[in-house]
Amino acid sequence: MKKLSLVLVMLCFACTSFAQMTKDQIVAEWQRAKKYTQAYLDAMPADGYTFKPTPEVRSFAGQMLHLANANYFFLSTIAGKPVDMKNDLEKNTPPTKEAVTKAVNDSYDFAINAIQGMTEDQFKQEVSMGKMKTTKGVLLAKAFEHQTHHRGQTTPYLRLKGVTPPNEMLF
């Protein structure tokens, strides 16, 4: 129980800290996340993109394309830049190393460009996502947490394919 409490406190601190960063710092974090995700995409052999540890879970490509879909969804909501959410990358992108890598990198480029196009004051503005109302800065922190979560979920996929995952890229 103590470990769970510590994790929850650290998560709250991380989200609060991220929401208080400058635009340039946030852009730098998303650029770092893109490079880190690219390292995962590079590490998985081409024949591993359709790999599923169990039949009930997404494939490696599915995890990465879900991450990309969410990047578009969150950042279009935050920046008010509409995207065609009917183009479900997870359903419409071939699960090849080349196609998935391009789709994921494009989603990071969209996110980074959207953030660069915002002002510091816009991070404090209220935004709605479904029934949830929060600030754009907090929603941006949630978007960052989401992509981190799904990238992290692919670590066992790499290990099960006999690949050592990329080293942590905190800085």
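Residues numbered from 1 in each chain as written. Predicted model: local features only at pLDDT ≥ 70, side-chain atom pairs only at ≥ 80, totals over all residues. Heavy atoms only, no water.

K.L.:
Teacher, can you tell me more about the overall build of the protein here?
P.N.:
Looking only at helices and strands, the protein features seven helices and two strands. When its helices and strands are written in sequence order, the protein yields α-α-α-α-α-β-β-α-α. Relative to its 171 residues, the protein shows a buried fraction of 41%. Restricting the contact set of the protein to residue pairs at least 6 apart, pairs at least 24 apart contribute 73%. With the model as given, the accessible surface of the protein reaches about 9700 Å², and the carbon-plus-sulfur share is 59%. (Helix = DSSP H or I, 4+ residues; strand = E, 2+ residues; numbered from the N terminus. Buried < 20%, exposed > 50% of the residue type's maximum accessible area, 1.4 Å probe, protein only. Contact = heavy atoms within 4.5 Å. Areas by Shrake-Rupley, 256 points an atom, 1.4 Å probe, with all protein chains shown as cover.)

K.L.:
Help me understand the pattern of salt bridges, please; the structure alone is not making it clear to me.
P.N.:
Two side chains carrying opposite charge are able to pair once their charged atoms lie near each other. Across all of its chains, the model carries five salt bridges by this definition. For Lys34, the salt bridge is made with Asp109, and the minimal N-O distance between the two is 2.5 Å. A residue pair is termed long-range when its members are at least 10 positions apart, and Lys34 in helix H2 (residues 23–43) and Asp109 in helix H5 (residues 97–116) qualify at 75 residues. A salt bridge links Lys124 to Asp121; its shortest N-O distance comes to 4.0 Å. The pair Lys124 / Asp121 is uniform in exposure class, with both members exposed. (Salt bridge = Lys/Arg side-chain N within 4 Å of Asp/Glu carboxyl O.)

K.L.:
Explain the packing of aromatic side chains here, please?
P.N.:
All chains considered together, the criterion is met by eight aromatic pairs. The interplanar angle of 90° and the centroid separation of 6.2 Å between the aromatic rings of Phe51 and Tyr157 together place this pair among those described as edge-to-face. In this pair, Phe51 sits in the loop between H2 and helix H3 (60–79) while Tyr157 sits in helix H7 (residues 155–160), placing the two residues 106 residues apart along the sequence. On the accessibility criterion, Tyr157 (4% relative accessible area) is buried. With centroids separated by 5.1 Å and ring planes inclined at 45°, the aromatic side chains of Tyr72 and Phe110 adopt a geometry described as tilted. Taken as a pair, Tyr72 in helix H3 and Phe110 in helix H5 lie far apart in primary sequence, 38 residues in all. (Phe/Tyr/Trp six-rings, centres within 6.5 Å; stacked < 30°, edge-to-face > 60°.)

K.L.:
How do you make sense of the side chain of His146 when you look at a structure like this?
P.N.:
Mapped onto the elements, His146 comes out in helix H6 (residues 136–153). Overall, His146 belongs to the buried group, its relative accessible area being 19%. Among residues more than four places away in sequence, those in contact with His146 are His66, Leu67, Ala70 and Phe74.

K.L.:
Is there a simple way to think about the nonpolar core in this case?
P.N.:
One recurring pattern in soluble globular proteins: nonpolar side chains tend to sit buried together. With 40 residues, the main nonpolar core has Trp30 and Leu75 as its most contacted residues. If you list the elements that add at least two residues to this core, you get H2, H3, H5, H6 and H7. Broken down by element, the residue count for this core peaks at eleven residues, all from H3. (Core = buried A, V, L, I, M, F, W, Y, C linked by side-chain atoms within 4.5 Å.)

K.L.:
Hey, could you run me through the side chain of Arg32 in this one?
P.N.:
Tracing the backbone shows Arg32 in helix H2. Side chain to side chain, Arg32 and Glu29 meet in a polar contact 2.5 Å long. Once you skip the residues sitting within four places of it in the chain, Arg32 turns out to touch Phe144, Met169, Leu170 and Phe171. (Polar contact = N/O pair within 3.5 Å; in protein donor to acceptor, adjacent residues only side chain to side chain.)

K.L.:
Hey, could you run me through the packing of H2 against H3 in this one?
P.N.:
The geometry of H2 relative to H3 is characterised by a closest axis approach of 12 Å and an angle of 165° between their N-to-C directions. In this view, H2 runs roughly antiparallel relative to H3, as classed from their interaxial angle. Considering the relative orientation of H2 and H3, their crossing is left-handed. Along its contact with H2, which presents Trp30, Thr37, Tyr40 and Leu41, the element H3 presents Phe60, Met64, Asn71 and Leu75. Among the residues making up the contact of H2 with H3, the classes are represented as six nonpolar, two polar and no charged. (Axes fitted to C-alpha atoms, helices over the stretch in contact; angles between N-to-C directions. Parallel < 35°, antiparallel > 145°, perpendicular 65-115°, else oblique. Left-handed = near helix turned anticlockwise from the far one by under 90°. Nonpolar A, V, L, I, M, F, W, Y, C, P; charged D, E, K, R; others polar.)

K.L.:
Help me understand the environment of Leu65 in this model?
P.N.:
Tracing the backbone through its elements, the reader meets Leu65 in helix H3. With a relative accessible area of 1%, Leu65 lands in the buried category. When the C-alpha atoms of Leu65 and Ser107 are compared, they prove to be 9.3 Å apart, with 42 residues separating the residues in sequence. The residues contacting Leu65, other than those within four sequence positions of it, are Leu89, Glu90, Thr93, Val100 and Ala103.

On their own, these measurements won't tell you what the molecule is for.
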